[in-house]
Amino acid sequence: MLEAIHLSKSYSSGKALDDVSIQMLPGQICGLLGRNGAGKTTLFRILCGLIKPDSGKMVMASQRNKPVGGIIERPGLYPYLNAYDNIKLFAGIQGAPANKEAIHQSLLKVGLPVDRKDPVRNFSLGMKQRLGIAIALLNNPEYLVLDEPFSGLDPIGVTALINLITDLAVKENISILLSSHLMGELTRCCNYLYVMDKGRLVNKGTTAQLIGHHIHNFNITAQNITSSIVLQKYSPTIGVNGASIVCNADEIPALLNQLLAEGILVTSCTPELSLEQLVNTPLL
Ligand SMILES: Nc1ncnc2c1ncn2[C@@H]1O[C@H](COP(=O)(O)OP(=O)(O)OP(=O)(O)O)[C@@H](O)[C@H]1O
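In this text, all values refer to a predicted model and were calculated from it rather than measured experimentally.

Undergrad: Quick rundown of helix H8 (residues 252-261)? Include the residues and the values.
TA: Within an α-helix, residues lying three or four positions from one another point in the same direction, as the helix has 3.6 residues per turn. Buried within H8 we find Ile252, Leu255 and Leu259. Take H8 and look down its axis: the buried residues cluster within an arc of 60°, on one side only. Residues of H8 that are exposed and point over 90 degrees away from its buried face: Pro253, Asn257, Leu260 and Ala261. Contact partners of the buried residues in H8: strand S10 (217-221), strand S12 (242-246) and strand S13 (268-271). Once H8 ends, the next one or two residues include glycine 263, with phi positive near 85°.

What follows is the structure in structure tokens.
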């Protein structure tokens, strides 16, 4: 387990981290949510050992030399080298195995082709993220931190990266911490969420707990939803293919049953996720 305990950090611009504590359990995928300037990157820099906190400490149960790997902001790649040579170079710098077999394994682990010979400047953003992750994994870390990994990716790229992250946590038993200012992506892959605002931790809990406590807007898709009587008690906003309602998450299962009994076939029911709700109504 990795524990960051009461971390604080100030810059000349002010306090970037104020008494922040988090935990990462083996194989857990944690999300760190926060608006721009919330302090996410500062926390990641401390976790990766790039800067020291003014106060607080990190406690890690690990036998490894370099237990934390990560990408802060963008993966730092050599754009004029191909993927193979990038890995070879970083493996050399980090003292990791740099033979052909090890490099091929690194590429395969993140779903990159082993035979692509052109420079990485030609790669899509998603491929560059994968290569960055391969480099972050060179020393077999137990903890991986990824700062804004979904930034700039299209929905297919986001889904592919979520699949890779989930695979790494399950198959390699790596604890992963991801940051984002968007809730949608994090709730799709994280078991546990931390919410930061102005350098402070303002909310935390399992993803299900946070959705259950804080999300009250739901979008229901069903073609014949306008004919529902039961939905009227929620004063729905009716759209072309569905309706939006405000209710508690624990009312949803019964409502879906009632809609089915009315002959309304719901094809999706999605919580409308909002960072504002998590920041403004803390659970801590
Ligand atoms: N090297 C630095 N020198 C001075 N101030 C800094 C430095 N790095 C960060 N800050 C300030 O600390 C605060 C937290 O910044 P940080 O980058 O950690 O937030 P963030 O949540 O990662 O934001 P973003 O999503 O915009 O990257 C901000 O007010 C920022 O301006």
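Anyway, onward from the coordinates.
Undergrad: Can you break down the site of the ligand residue by residue, with the values?
TA: Around the ligand sit Tyr11, Ser13, Ala16, Arg35, Asn36, Gly37, Ala38, Gly39, Lys40, Thr41, Thr42 and Glu148, and those are all the residues in its vicinity. A distance of 2.7 Å separates a nitrogen atom of the ligand from a polar atom in the side chain of serine 13. Asparagine 36 places a polar side-chain atom, nitrogen or oxygen, 3.1 Å from an oxygen atom of the ligand. For the ligand, whose unbound accessible area comes to 640 Å², protein coverage reaches 60%. Element by element, the count of residues in the shell around the ligand is highest for helix H1 (residues 40-47), at three residues. Partitioning the shell around the ligand into residue classes produces three nonpolar, six polar and three charged.

Undergrad: An account of the packing of aromatic side chains is needed here, citing residue identities and associated values.
TA: Tallied over the full model, the rule gives three aromatic pairs. Taken together, a centroid distance of 6.1 Å and an interplanar angle of 70° make the contact between tyrosine 78 and tyrosine 80 edge-to-face. Their ring planes at 40° and their centres at 5.6 Å tell us that tyrosine 78 and phenylalanine 90 sit as a pair that is tilted. Residue tyrosine 78 is found in the loop between strand S5 (68-71) and helix H2 (83-94), and its partner phenylalanine 90 is found in helix H2; the two are separated by twelve residues along the sequence. Ring pairing ties together the aromatic residues Tyr78, Tyr80 and Phe90, which thus form one cluster.

Undergrad: Explain the packing of H2 against helix H3 (residues 100-109) to me, and be specific about the residues and the numbers.
TA: For the pair H2 and H3, interaxial distance at closest approach is 10 Å and the crossing angle is 115°. Here H2 is positioned roughly perpendicular relative to H3, judged by the angle of their axes. For H2 against H3, the interelement crossing comes out right-handed. The segment H2 lies against H3, with Ala83, Tyr84, Ile87 and Lys88 engaging Lys100, Ile103, His104, Ser106 and Leu107. Split into classes, the residues belonging to the contact of H2 with H3 amount to five nonpolar, two polar and two charged.

Conventions we followed
Residues numbered from 1 in each chain as written. Predicted model: local features only at pLDDT ≥ 70, side-chain atom pairs only at ≥ 80, totals over all residues. Heavy atoms only, no water. Buried < 20%, exposed > 50% of the residue type's maximum accessible area, 1.4 Å probe, protein only. Helix = DSSP H or I, 4+ residues; strand = E, 2+ residues; numbered from the N terminus. Arc of directions from axis to C-beta. Contact = heavy atoms within 4.5 Å. Near = heavy atom within 4 Å. Polar contact = N/O pair within 3.5 Å; in protein donor to acceptor, adjacent residues only side chain to side chain. Areas by Shrake-Rupley, 256 points an atom, 1.4 Å probe, with all protein chains shown as cover. Nonpolar A, V, L, I, M, F, W, Y, C, P; charged D, E, K, R; others polar. Phe/Tyr/Trp six-rings, centres within 6.5 Å; stacked < 30°, edge-to-face > 60°. Axes fitted to C-alpha atoms, helices over the stretch in contact; angles between N-to-C directions. Parallel < 35°, antiparallel > 145°, perpendicular 65-115°, else oblique. Left-handed = near helix turned anticlockwise from the far one by under 90°.

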